[in-house]
Amino acid sequence: MSLRFATVAGRASLLLDDALIDVARAADGRFSADPMAALAAWDAFADWARGRSAADATGPRSPVDLGPPVPRPPKVFAIGMNYADHAREAKLEIPRSPVVFTKFPNCISGPFADVELYSDRVDWEVELVVVIGRRGRRIAEGAALAHVAGYMVGQDISDRRMQFADKPPQFSMGKSLDGYGPTGPALVALDSFADPNDLGLTCAVAGERMQSGRTRDMIFPVATLVAYLSKWCTLEPGDLIFTGTPAGVGSTRDPRRYLAVGDEIVSTIEGIGTMRNRCVAAGGE
Ligand code: ZN
């Protein structure tokens, strides 16, 4: 079966068309309820998961409480300017090597989590998110996709006021506010896609289509990014790579447009699914 891994009420789960499989209950102790434990033994886990069927279902598919499929990633890389149309709208040159920054793991949230607006210049960026499933360093580009557990939809939510408060800009802080990394709704294995290198991705805000692109237009495709990052950093199971956003973010529109309280951000990637994140006023504490 097509491998769709999710976190349901905090527990590792497999999603079927109209049912779900609670991993710990179905695996007789072989795998725990912790989603990170499945990532840590991903190759063995994926073999087991592909052997499951509707006969293993432990509950209905909906309604379910979906959290981030990878709740505690060891590292979260993000890539800037990885689509030519986005580099153009930002009036920046096409990079000759990947532009890498960090999203700290505190930003990771689920596919239906609220986004707290910390300022009046918070922006959207729909992105394909790569999940590493196999440890490696100095990974060859030709072997890179074998190190990928699967793909998720992601939002690289960005507080432009914080990011551009001074020079040089602070990408990592402006994009790491609590909850500024919604991911989900599932981690989908690459063999589920007809072509994992060509997926349509879209973002709508308050009902208006803002972004529409295809992952085949990445300047540095997924295999290149995995090989590049692993030159310097050992990649570990559960590491995430936000792979960059296509054109149509709010800060480069004319007039500029930012997220407002009550807006719903709807982010979709072909073959993976849809996230819906509502913008709310920043709370206390
Ligand atoms: Zn981004």
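Conventions we followed
Residues numbered from 1 in each chain as written. Predicted model: local features only at pLDDT ≥ 70, side-chain atom pairs only at ≥ 80, totals over all residues. Heavy atoms only, no water. Donors = N, O, S within 2.8 Å, 3.2 Å for Na, K, Ca; no water. Buried < 20%, exposed > 50% of the residue type's maximum accessible area, 1.4 Å probe, protein only. Helix = DSSP H or I, 4+ residues; strand = E, 2+ residues; numbered from the N terminus. Pairing = 2+ DSSP bridges. Contact = heavy atoms within 4.5 Å. Domains from an automatic or database assignment. Buried area = accessible area lost by both parts, 1.4 Å probe. Salt bridge = Lys/Arg side-chain N within 4 Å of Asp/Glu carboxyl O. Polar contact = N/O pair within 3.5 Å; in protein donor to acceptor, adjacent residues only side chain to side chain.

A. Region of interest: the coordination of the zinc ion. Protein-derived ligands of the zinc ion are Glu125 (OE), Glu127 (OE) and Asp156 (OD), with the metal-ligand distances lying across 1.9 to 2.1 Å. All donors of the zinc ion belong to a single chain; written as a sequence motif, their spacing is E-x1-E-x28-D. Of the residues examined, glutamate 125 reaches a relative accessible area of 5% and is grouped as buried. Residue glutamate 127 is classed as buried on the basis of its relative accessible area of 0%.

B. Structural context of the pairing of strand S12 (residues 148–155). Among the eight residues that make up S12, eight are buried, leaving the element largely enclosed by the rest of the structure. Here seven bridges tie strand S11 (residues 126–132) to S12, and the two strands are oriented antiparallel to one another. Looking at S12, one finds that glutamate 127 is bridged to glycine 154. Bridge count between S12 and strand S14 (residues 181–188): three bridges; the pairing is antiparallel. For glycine 154, the partnering residue across the bridge sits in S14 and is threonine 183.

C. Molecular detail of helix H7 (residues 222–229). Within H7, seven of the eight residues are buried, which leaves the element mostly enclosed by the surrounding structure. Listing the buried residues of H7 in full gives Val222, Ala223, Thr224, Leu225, Val226, Ala227 and Leu229. For H7, the secondary structure elements touched by its buried residues are strand S6 (76–80), strand S7 (99–102), S11, S12 and strand S17 (240–242).

D. Just the domain arrangement of the protein chain, in detail. Looking at the assigned domains, one finds that the protein chain contains domain 1 (4–66) and domain 2 (76–281). In this structure, domain 1 and domain 2 have C-alpha centres spaced 25 Å apart. In this assembly, 11 residues from domain 1 lie in contact with 17 residues from domain 2. Carbon and sulfur atoms supply 55% of the area buried between domain 1 and domain 2, which totals about 1,100 Å² over both sides. Taken together, the links from domain 1 to domain 2 amount to two salt bridges. For aspartate 43, the salt bridge is made with arginine 134, and the minimal N-O distance between the two is 2.9 Å. On the surface where domain 1 and domain 2 come into contact, there are five residue pairs in polar contact (both at pLDDT 80 or more). Mapped onto the side of domain 1 that touches domain 2, the elements with two or more residues apiece are strand S1 (4–8), helix H2 (35–40) and helix H3 (42–50).

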